[in-house]
Amino acid sequence: MKARPIHRRLNVRIGGGLLAALLVVGIPFFVFFYRFHQEQLIEGLRRSSADVSQLILMNLERRMVEAQPHLLDEDVRQLSTYAGIERIAILNASGEVKVTSDRELDGRIFTLRDPSCRICHDEQSPLPWQTTIIEESRRGRVFRSLMLIANRPACFDCHSSSHHLNGILLVDLSMAQAQSQLRSGMQKMLGLAAVMVVVTIGVLSGLINRLVVRRINRLWRTMMAIRQGNLGERAQVDGQDEIGELAESFNRMTARLAESVREIEHHKEYLESVINSIEDEIVVVDRDLRIVTANTAYLLKCGRRKQDILGQACFLVSQDSSVPCNQSLAERCPAQATFKTGRVNKVLHRFVTSDGQERYIEIYCYPLRDDAGQVFQAIEVKRDITERRFLQAHLSHSERLATLGLLASGISHEINNPLASIIACTEGIQRRLLTRPPHAAAMTAEEFQEYLELIHKEAMRAKAITDRLLILSRRSQSPTDLVSPNQSLSETLSLLRFQAEERGVEIIEELDPRVPHIRADDPGLRQVFLNLLLNALQAIEGPGQIRVRTSAEPESVVISIEDTGCGIAPEDLPRIFEPFFSRKAGRGGTGLGLFISKVLVEQMGGTITVQSQPGEGSCFVIRFPLEDTTDA
């Protein structure tokens, strides 16, 4: 455990708090006791001065009654020798000093400007006895007592009865001894208070250190051990107080934490086992395309260890490239698309290996969101679908050839028409050349040229039909070419017009010339159109219509094929795209046409949906995304 600075230690801070608390409480008490002791000492001086004043006053009366005033000087000098008495003086009613133990005051007259005189003259009804403390330059602070000498009947022999006051008795007591006692008392009090504070802080600090600090330090060391991963560590429970209960609660919490960690590790191992058991390659990347985790299939594919690829860029590990993957539509990075759109993205990668084999990799990328709903990671799932792709292509090609068989009569009619014209022209030329009568005119060059142009025109017409058949019969490739949906749809319709005319079905083309090219597989696209158009023809019994539309939306190209046929039952709608599902049993239906159409459309990145009402017809809608030129 790292040593803390001394000012941050608990025992030091508690001791400092106790010292501050004692000072806050002790200082007011110290001031109170200081003033209380000072008042006691002053009260003692007041009593002493009162006793001395009474004694002198009694002697004064006795000497005056005995007619011995001359003996007052001796009495005053003797009394002034008592400990603590600084001076004694007797003043007449005019404030003149008549008798004194201090020769400096002999004959002095006290006026109203004297501080000791103002204590009586400031009062409206002065008391017969007053005390005050004065400051003298030579003697320092002096406690002065002033007692009024009243004119009593016993004094009328010497003093007029009209006077109420015969004089003033002044007694000064030294405060040096009182101040010394006060300082000594305060020093003892301060010493005792200091000892009390030190002992109190020491005892309390010891108790706190033993009852609190040591136990908290042990609990802290246990927490540090747990923080370092030692979840088997437990705090020592010593006592039934709050800290003991805290240690016991901490141990229970640690035990539950250890159990939770074990469960989490078990779940983690289970999930890793599940993910590693999947043969598809799974990798998780962050927004910087750095690998967070990966399963065994991905590690085997790239030939690296898991600890070596964590934190590395995925394109560096999987493609051995220093830049992200190609951003074109066919090869765009699905993780970047997922981070950009926040949706699941799917791409199909087609490439040729070093030994010349063609491979197809299907990649699904799923977003991982945080508590705020923001995508912070993406999961890429890669699957090699080469074998499935070849099987689907073979099945699709077989279905296409079977579909072409259904077109045989119409195609033969389309080809027979230009062939009949060619045969008629060649026979006419032969007759003109071989069986010409002697009187017949020779065949002119213009006539011969006319025959040749007709033969060429009909031959090119037959060639166009065979070209369309060749395109339709080719095996599907990956959707890497730009294709015009209007052209593919129009040329596919031309193969069905003879059959439509024989059935009395009108084909209405509403092809928007503004529809752009899409990234698709032309043979596969034509097969989808052919399957849907054949289904529409077969759904119409008697006269009817097939309406074909194309249109461009902001983000997609829409192709709809609508018929006025028998429609689809509601219970059959969820199953029409299932393989081998067909309601045309005995009429040449295989149940694969719509299934293959859906597979081909999804492989090209599109979607296909259907709306239908029994007896009112059906409408199939195909949507293809526009090529994203911004990422190219």
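Residues numbered from 1 in each chain as written. Predicted model: local features only at pLDDT ≥ 70, side-chain atom pairs only at ≥ 80, totals over all residues. Heavy atoms only, no water.

Peer 1: Got a minute to help me understand the sheet that holds strand 8 (residues 345-352) in this structure?
Peer 2: Where strands meet in a sheet, backbone hydrogen bonds hold them as pairs that are either parallel or antiparallel. Spatial strand order, 7-6-10-9-8: five strands in an open sheet with antiparallel pairing. In this open sheet, the two strands that pair with only one neighbour each are strand 7 (291-294) and strand 8. Ignoring strand direction, the axes of neighbouring strands in this sheet form an average angle of 25 degrees. When strand 9 (residues 358-369) meets strand 10 (residues 375-384), the two strands line up antiparallel, connected through nine bridges. If you follow I363 over to strand 10, its bridge partner there is K382. (Pairing = 2+ DSSP bridges. Helix = DSSP H or I, 4+ residues; strand = E, 2+ residues; numbered from the N terminus. Axes fitted to C-alpha atoms, helices over the stretch in contact; angles between N-to-C directions.)

Peer 1: Quick question: what am I supposed to make of the sheet that holds strand 5 (residues 165-174) here?
Peer 2: Ordered by their spatial adjacency, five strands build an open sheet running 2-1-5-4-3, and the pairing between neighbours is antiparallel. In this open sheet, the two strands that pair with only one neighbour each are strand 2 (97-100) and strand 3 (129-136). Averaged over all neighbouring strand pairs, the angle between strand axes comes to 25 degrees, with direction disregarded. Contacts from helix 2 (residues 72-80) reach strand 1 (85-92) and strand 2, with the element oriented near 155 degrees to strand 1. (Contact = heavy atoms within 4.5 Å.)

Peer 1: Looking at this structure, I do not really get the packing of helix 13 (residues 485-494) against helix 15 (residues 522-539). What am I missing?
Peer 2: How two helices sit against one another is set out by the angle between their axes and by the gap between those axes. Interhelical geometry of helix 13 versus helix 15 gives an angle of 50 degrees and a closest axis separation of 9 Å. On the basis of their axis angle, the class for helix 13 and helix 15 is oblique. Regarding helix 13 and helix 15, the two cross each other, and that crossing is right-handed. Only D522, L525, R526, F529, L530 and L533 of helix 15 make contact with helix 13, whose side of the interface consists of P485, S488, L489, E491, T492 and L493. Of the residues assigned to the contact of helix 13 with helix 15, the class counts are seven nonpolar, two polar and three charged. (Parallel < 35°, antiparallel > 145°, perpendicular 65-115°, else oblique. Left-handed = near helix turned anticlockwise from the far one by under 90°. Nonpolar A, V, L, I, M, F, W, Y, C, P; charged D, E, K, R; others polar.)

Peer 1: Help me understand the environment of L165, please; the structure alone is not making it clear to me.
Peer 2: Within the element layout of this structure, L165 appears in strand 5. In this structure, the C-alpha to C-alpha distance between L165 and I149, residues 16 residues apart in sequence, is 6.0 Å. When residues no more than four places from it in sequence are discounted, the contact partners of L165 are A93, L148, I149, A150 and N151.

Peer 1: In this structure, what is going on with helix 16 (residues 593-603)? I would like to understand it.
Peer 2: Across the 11 residues of helix 16, eight count as buried, placing the element largely inside the fold. Among the residues of helix 16, those classed as buried are G593, L594, I596, S597, V599, L600, V601 and Q603. A positive phi of about 85 degrees marks G605, the residue just after helix 16. (Buried < 20%, exposed > 50% of the residue type's maximum accessible area, 1.4 Å probe, protein only.)

Peer 1: Honestly, the environment of R287 in this entry has me stumped. Any pointers?
Peer 2: Topologically, R287 is positioned in the loop between strand 6 (281-286) and strand 7. A sequence separation of 53 residues divides R287 from K340, and the C-alpha atoms of the two residues are 9.9 Å apart. Ignoring anything within four residues of it in the chain, the contact list for R287 reads F339, V375 and F376. At a separation of 2.5 Å, a polar atom in the side chain of R287 contacts the main-chain carbonyl oxygen of V375. (Polar contact = N/O pair within 3.5 Å; in protein donor to acceptor, adjacent residues only side chain to side chain.)

Peer 1: Would you take a moment to explain the pattern of salt bridges for this structure?
Peer 2: Charged atoms that come close allow side chains of opposite charge to pair. Here the structure, examined in full by the defined rule, presents 18 salt bridges. Across the salt bridge formed by R47 and E43, the nearest N and O atoms sit 4.0 Å from each other. You can see R47 and its partner E43 sitting in helix 1 (residues 10-65), four residues apart, about one turn around the helix. Owing to a relative accessible area of 33%, E43 belongs among the partly exposed residues under this scheme. A salt bridge links R526 to E491, with the nearest nitrogen and oxygen atoms 2.7 Å apart. (Salt bridge = Lys/Arg side-chain N within 4 Å of Asp/Glu carboxyl O.)

Peer 1: Can you help me understand a nonpolar patch on the surface in this one?
Peer 2: A cluster of nonpolar side chains, contributed by V24, V25, F29, F32, F33 and F36, occupies part of the molecular surface with about 620 Å² of accessible area. The residue F33 is located in helix 1 in this model. Here F33 falls in the partly exposed class, since its relative accessible area comes to 38%. (Patch = residues over 30% accessible without salt bridge, like charges linked within 9 Å, V, L, I, M, F, W, Y side chains within 5 Å. Areas by Shrake-Rupley, 256 points an atom, 1.4 Å probe, with all protein chains shown as cover.)

Peer 1: What is the right way to look at the packing of helix 4 (residues 176-227) against helix 5 (residues 242-277) in this model?
Peer 2: As a packed pair, helix 4 and helix 5 sit with axes 11 Å apart at the nearest point and diverge in direction by 10 degrees. Classified by the angle between their axes, helix 4 and helix 5 sit roughly parallel to one another. For the pair helix 4 and helix 5, the contacting residues are L211, V212, R215, I216, L219, T222, M223 and I226 in the first and I243, G244, L246, A247, F250 and T254 in the second. Residues of the contact of helix 4 with helix 5, tallied by class, amount to 10 nonpolar, three polar and one charged.

Peer 1: Can you walk me through the pairing of strand 16 (residues 607-613) in this structure?
Peer 2: It is a general feature of regular strands that their side chains alternate between the two faces of the sheet. On strand 16, burial follows the alternation: I608, V610 and S612 on one face are buried, whereas T607, T609, Q611 and Q613 on the facing-out side are not. Sheet topology note: the strand 16/strand 17 (residues 617-625) ladder contains seven bridges and is antiparallel. For Q613, the partnering residue across the bridge sits in strand 17 and is G617. Taking the residues that link successive antiparallel strands as the turn, the strand 16-strand 17 hairpin has three residues, and the phi of G615 there is positive, at about 85 degrees.

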